[in-house]
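# Results of the structural survey
As a plain string of letters, each chain reads:
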Amino acid sequence: MSEGLGPLFRGELLAFLDPLKEAASDPRLLADWLTPLGHTPALLGEPGLIAAIGKAGDLINAIEKINPDDLESPVALAGFLQTARGLQDVVLAIRQFGSDPARSQVAATLAEDI
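The sections below set out a description of the structure shown in this document. (Residues numbered from 1 in each chain as written. Predicted model: local features only at pLDDT ≥ 70, side-chain atom pairs only at ≥ 80, totals over all residues. Heavy atoms only, no water.)

The helix and strand tally for the protein chain stands at seven helices and zero strands. Secondary structure of the protein chain in N-to-C order comes out as α-α-α-α-α-α-α. Counting every position in the protein chain, which comprises 114 residues, the buried fraction comes to 33%. Residue pairs in contact within the protein chain that sit at least 24 positions apart in sequence constitute 66% of those at least 6 positions apart. (Helix = DSSP H or I, 4+ residues; strand = E, 2+ residues; numbered from the N terminus. Buried < 20%, exposed > 50% of the residue type's maximum accessible area, 1.4 Å probe, protein only. Contact = heavy atoms within 4.5 Å.)

In structure tokens, the structure reads:
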């Protein structure tokens, strides 16, 4: 595997997103992850949170499909960076979930905590 900036950034982004990948695949792991951050398990059944975590899972799957060795090409690196911008969508979805007045008392800081 290459040691250039693209493969390094891909690896770091996947490491950063790893807790979300595990949480997207197993509700128990999501609970184990959110509880120490101060969020109650009551959030776990919320469709908005499940959708937001699902976006993270989709992003991770897309990034994992990118061959790190291909990222030496400027065109491939630009495509990867475009894909990585999907992280903004994940953060926005979590922020929107937390800012809903119905749950703002318990989830207002969820995006920042994650």
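Turning our attention to the side chain of Arg10. Tracing the backbone through its elements, the reader meets Arg10 in helix 1 (residues 5–25). For the buried Arg10, no salt bridge is present, and the opposite-charge side chain at shortest range is Glu64, 6.5 Å distant. The contacts of Arg10, once residues within four sequence positions are left out, are Ile63, Glu64, Ile66, Pro68, Leu71 and Phe80. (Lys, Arg positive; Asp, Glu negative; His and termini not counted. Salt bridge = Lys/Arg side-chain N within 4 Å of Asp/Glu carboxyl O.)

The next point concerns the environment of Thr83. Checked against the element boundaries, Thr83 lands in helix 4 (residues 74–84). A sequence separation of 21 residues divides Thr83 from Ala62, and the C-alpha atoms of the two residues are 7.4 Å apart. If sequence neighbours within four positions are ignored, Thr83 has contacts with Leu59, Ala62, Ile63 and Ile66.

Another point: the environment of Asp18. Within the secondary structure, Asp18 sits in helix 1. Looking at Asp18, the relative accessible area reads 33%, which means it is partly exposed.

So, on to the packing of helix 1 against helix 2 (residues 27–34). Closest axis-to-axis distance for the helix 1/helix 2 pair is 5 Å, and the angle between their directions is 135 degrees. Considering their axes alone, helix 1 and helix 2 lie oblique with respect to each other. Handedness of the crossing formed by helix 1 with helix 2: left-handed. Facing helix 1, whose interface residues are Pro19, Leu20, Glu22, Ala23 and Ser25, helix 2 presents Pro27, Leu29, Leu30 and Trp33. (Axes fitted to C-alpha atoms, helices over the stretch in contact; angles between N-to-C directions. Parallel < 35°, antiparallel > 145°, perpendicular 65-115°, else oblique. Left-handed = near helix turned anticlockwise from the far one by under 90°.)

With that settled, consider the packing of helix 1 against helix 3 (residues 47–64). Where helix 1 contacts helix 3, the axes come no closer than 9 Å and their chain directions differ by 140 degrees. By the angle between their directions, the pair helix 1 and helix 3 is classed as oblique. Remark: the crossing between helix 1 and helix 3 carries left-handed chirality. Two secondary-structure elements touch here, helix 1 through Arg10, Leu13, Leu14, Leu17, Leu20, Lys21, Ala23 and Ala24 and helix 3 through Ile53, Ala56, Gly57, Leu59, Ile60, Ile63 and Glu64. Taken together, the residues of the contact of helix 1 with helix 3 sort by class into eleven nonpolar, one polar and three charged. (Nonpolar A, V, L, I, M, F, W, Y, C, P; charged D, E, K, R; others polar.)

Of all hydrophobic cores here, the largest spans 25 residues; its most connected members are Leu17, Leu20, Leu30, Leu49, Ile63 and Phe80. Within the residue set of this core, elements represented by two or more residues are helix 1, helix 2, helix 3, helix 4 and helix 5 (86–99). Per-element tally for this core: the top contributor is helix 3, with seven residues. (Core = buried A, V, L, I, M, F, W, Y, C linked by side-chain atoms within 4.5 Å.)

As for its position among the elements, Ala84 is in helix 4. C-alpha separation for the pair Ala84 and Leu59, spaced 25 residues apart in sequence, amounts to 7.5 Å. Apart from the residues lying within four places of it in its own chain, the contact partners of Ala84 are Phe9, Leu13 and Leu59.

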